[in-house]
There are 2 protein chains.
Amino acid sequence: MKGTLYGVGLGPGDPELMTLKAHRLISQAEVIAYPAPDSGQSFARSIAAKAIPPDAREIPIVVPMRVDRFPAKEIYDTAAGEIASVLEAGTDVVTLCEGDPFFYGSFMYLFERLSDRFPCEIVPGVTSLTACASRLLRPLTSRTDVLTVLPGPLDDEALRPKIEAAQAIAIMKVGRHLDRLKALLTDMGLLDTAGYVERASLPDQKVFRLADVPAGSAPYFSMILIYKGDEAWTLPPSFSS
Amino acid sequence: MKGTLYGVGLGPGDPELMTLKAHRLISQAEVIAYPAPDSGQSFARSIAAKAIPPDAREIPIVVPMRVDRFPAKEIYDTAAGEIASVLEAGTDVVTLCEGDPFFYGSFMYLFERLSDRFPCEIVPGVTSLTACASRLLRPLTSRTDVLTVLPGPLDDEALRPKIEAAQAIAIMKVGRHLDRLKALLTDMGLLDTAGYVERASLPDQKVFRLADVPAGSAPYFSMILIYKGDEAWTLPPSFSS
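Computed from a predicted model, the values in this text were never measured in an experiment.

Cut-offs and rules
- Residues numbered from 1 in each chain as written.
- Chains lettered and ligands numbered in written order.
- Predicted model: local features only at pLDDT ≥ 70, side-chain atom pairs only at ≥ 80, totals over all residues.
- Heavy atoms only, no water.
- Least-squares fit on C-alpha atoms with pLDDT ≥ 70 in both.
- Contact = heavy atoms within 4.5 Å.
- Pairing = 2+ DSSP bridges.
- Helix = DSSP H or I, 4+ residues; strand = E, 2+ residues; numbered from the N terminus.
- Axes fitted to C-alpha atoms, helices over the stretch in contact; angles between N-to-C directions.
- Parallel < 35°, antiparallel > 145°, perpendicular 65-115°, else oblique.
- Left-handed = near helix turned anticlockwise from the far one by under 90°.
- Nonpolar A, V, L, I, M, F, W, Y, C, P; charged D, E, K, R; others polar.
- Polar contact = N/O pair within 3.5 Å; in protein donor to acceptor, adjacent residues only side chain to side chain.
- Phe/Tyr/Trp six-rings, centres within 6.5 Å; stacked < 30°, edge-to-face > 60°.
- Buried < 20%, exposed > 50% of the residue type's maximum accessible area, 1.4 Å probe, protein only.
- Buried area = accessible area lost by both parts, 1.4 Å probe.
- Salt bridge = Lys/Arg side-chain N within 4 Å of Asp/Glu carboxyl O.

**Considerations on the relation of the copies chain B and chain A**
No. 1: Structural alignment of chain B on chain A gives an RMSD of 0.0 Å, achieved by rotating through 180° and translating 0.0 Å along the axis. The operation mapping one copy onto its partner corresponds to a two-fold rotation axis.
No. 2: Most of the interface of chain B is mirrored in chain A, where 100% of its interface residues are also at the interface.

Now the structure itself:
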């Protein structure tokens, strides 16, 4: 019997925001796979670290952190091959995924290579979307709101009509697009509705009104949340972090 | 010192999809509040049931299940008053929330009545959005996809351009709008990209290609997921449930 490929969501970063199921599967795992940068620690592994059995076999999938070349086809081909040989031998593989495996995650690069040959189970996780909203202390969406999630790298012409058409908007992967996005939202008259959260739920998280964010570049794990629904939820006048 | 109002996300229904933090807070709670129907069990309470201490004080917020009258202002005024008196006395109140407290949840009705007077902490939870995607075994979004979440009660004229403008679309609260939504998606040529999930992660969950869903009415906790991004992820030809 073949092993099962598990895609396990770990939530936004605080290990306590893992689900009970994620914690159980990791604690019992014989083989664990996870994305890792070419230098430094794997963020996914660091979330799960305390739950990983000391004798588990670990398969780091080392992906260079240069965004333009992501994903590297050969790297995922090789990793999928290694994981396939474990699954063929009848052993399950627990793949650690930041956030949720199917929400803008790199797990899909394994999933698309393996799901036609092996049983797969996805364990959903808390996404950065609601983790960031919790940090802003403002509801993300209510009642009949339309919510749109937009990648920050999209250009202004693509973003503007989509921001206009929704009541709640999340802009993900802000990164080096921070100043441009801030200018766009200022031009649209939405600056005061916009909150900014970086590294939500981690010890070094930052929470700001977007208007208060210093100009420059933001990390990859950052998000802008806009709300213009009927309730006119307002942001606190300032945040301490 | 005043008590803290906790809004605690419970995830989509499987108690194992609660976070470790939700489980801890519920297990240690002195006072627990939750929405409840006027007849039958509270769904939120049923998810958390095994973690609730036997001696915890419980504050059910009984809301009639007639959608048109929701939310009943007086009911939330009364509940907020009862909870405020507990918080004033210095005791925390853990409010149980299906899914995530800030994602289309009723918790906001308490939050808007109490957050200016008492400290609040939101514990994000797994949303139905990614729980349903996990059941369809198809990624929800990837790379630079635009994701739009739409409430099913919106009329076709409002839905159509928003469905056209996104790569990934979730239609929530399908309920009695099932046949109309199915007709709309058929007309838009998207029927074969659409999956349907009802009561995700619960023992009686149902997962279908939308094309295979029998005509009629769907329960409130049902969702349609459409994907038309570049990857052309396809749904399995059929689902066993």
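**Focus: the sheet that holds strand 8 (residues 194-198) of chain A**
Strand pairing in a sheet relies on backbone hydrogen bonds, with the paired strands running either antiparallel or parallel.
No. 1: Pairing within the open sheet is mixed, and its 10 strands lie in the order 9(A)-8(A)-10(A)-7(A)-6(A)-6(B)-7(B)-10(B)-8(B)-9(B). Both outer strands of the open sheet, strand 9 (206-209) of chain A together with strand 9 (206-209) of chain B, are each paired with one neighbouring strand and no more. In this sheet, neighbouring strand axes are inclined to one another by 15° on average, regardless of whether the strands run parallel or antiparallel.
No. 2: Its contacts with the sheet place helix 6 (residues 156-165) of chain B against strand 6 (147-151) and strand 7 (168-172) of chain B, and it is angled at close to 165° to strand 6 of chain B.

**A word on the packing of helix 3 (residues 73-88) of chain B against helix 4 (residues 107-114) of chain B**
Residues and elements named next belong to chain B.
No. 1: Running from N to C, helix 3 and helix 4 cross one another at 60°; their axes reach a closest spacing of 10 Å. For the element pair helix 3 / helix 4, the angle class is oblique. Crossing hand, helix 3 versus helix 4: right-handed. Facing helix 3, whose interface residues are Lys73, Tyr76, Asp77, Ala79, Ala80, Ile83 and Ala84, helix 4 presents Tyr109, Leu110, Arg113 and Leu114.
No. 2: Class assignment for the residues of the contact of helix 3 with helix 4 results in eight nonpolar, no polar and three charged.

**Notes on the packing of helix 6 of chain B against helix 7 (residues 178-187) of chain B**
Two quantities define a packed helix pair, namely the angle between the helix axes and the distance between the axes.
Residues and elements named next belong to chain B.
No. 1: One way to put it is that helix 6 packs onto helix 7 with a least axis distance of 11 Å and a crossing angle of 45°. It follows from the interaxial angle that helix 6 and helix 7 lie oblique. Two packed elements cross with a definite hand, and for helix 6 against helix 7 that hand is right-handed. On helix 7, the residues that touch Asp156, Leu159, Arg160 and Ile163 of helix 6 are Arg180, Leu181, Leu184, Leu185 and Asp187.
No. 2: Taken together, the residues of the contact of helix 6 with helix 7 sort by class into five nonpolar, no polar and four charged.

**Here's the deal with the side chain of A:Ser134**
No. 1: Tracing the backbone shows A:Ser134 in helix 5 (residues 128-136).
No. 2: For A:Ser134, the side chain forms a polar contact with the main-chain oxygen of A:Ala131, separated by 2.7 Å.
No. 3: Other than its neighbours up to four places away in sequence, A:Ser134 contacts B:Phe102, B:Ile122 and B:Pro124.

**Description of the packing of aromatic side chains**
No. 1: As enumerated under the stated definition, the model contains 16 aromatic pairs over all chains in all.
No. 2: Measuring from ring centre to ring centre gives 6.4 Å for A:Tyr196 and A:Phe208, while their planes differ by 35°; the resulting arrangement is tilted. Here A:Tyr196 is found in strand 8, whereas its partner A:Phe208 is found in strand 9, with 12 residues between them in sequence.
No. 3: Ring geometry for B:Tyr220 against B:Phe221: centres 5.4 Å apart, planes inclined by 85°, an arrangement best described as edge-to-face.
No. 4: Since its relative accessible area comes to 47%, B:Tyr220 is described here as partly exposed.

**Examining the interface of chain B and chain A**
No. 1: The partner chain A presents 52 residues to the 52 residues of chain B that form the contact.
No. 2: Across the interface of chain B and chain A, roughly 4,500 Å² is buried in total on both sides, 66% from carbon and sulfur atoms.
No. 3: Linking chain B to chain A there are two salt bridges.
No. 4: A salt bridge links B:Glu16 to A:Arg24; the nearest nitrogen and oxygen atoms lie 2.5 Å apart.
No. 5: Sorting the residues of the side of chain B that touches chain A by element identifies helix 1 (20-27), helix 4, strand 5 (120-123), helix 5 (128-136), strand 6 and helix 6 of chain B as the ones contributing at least two each.

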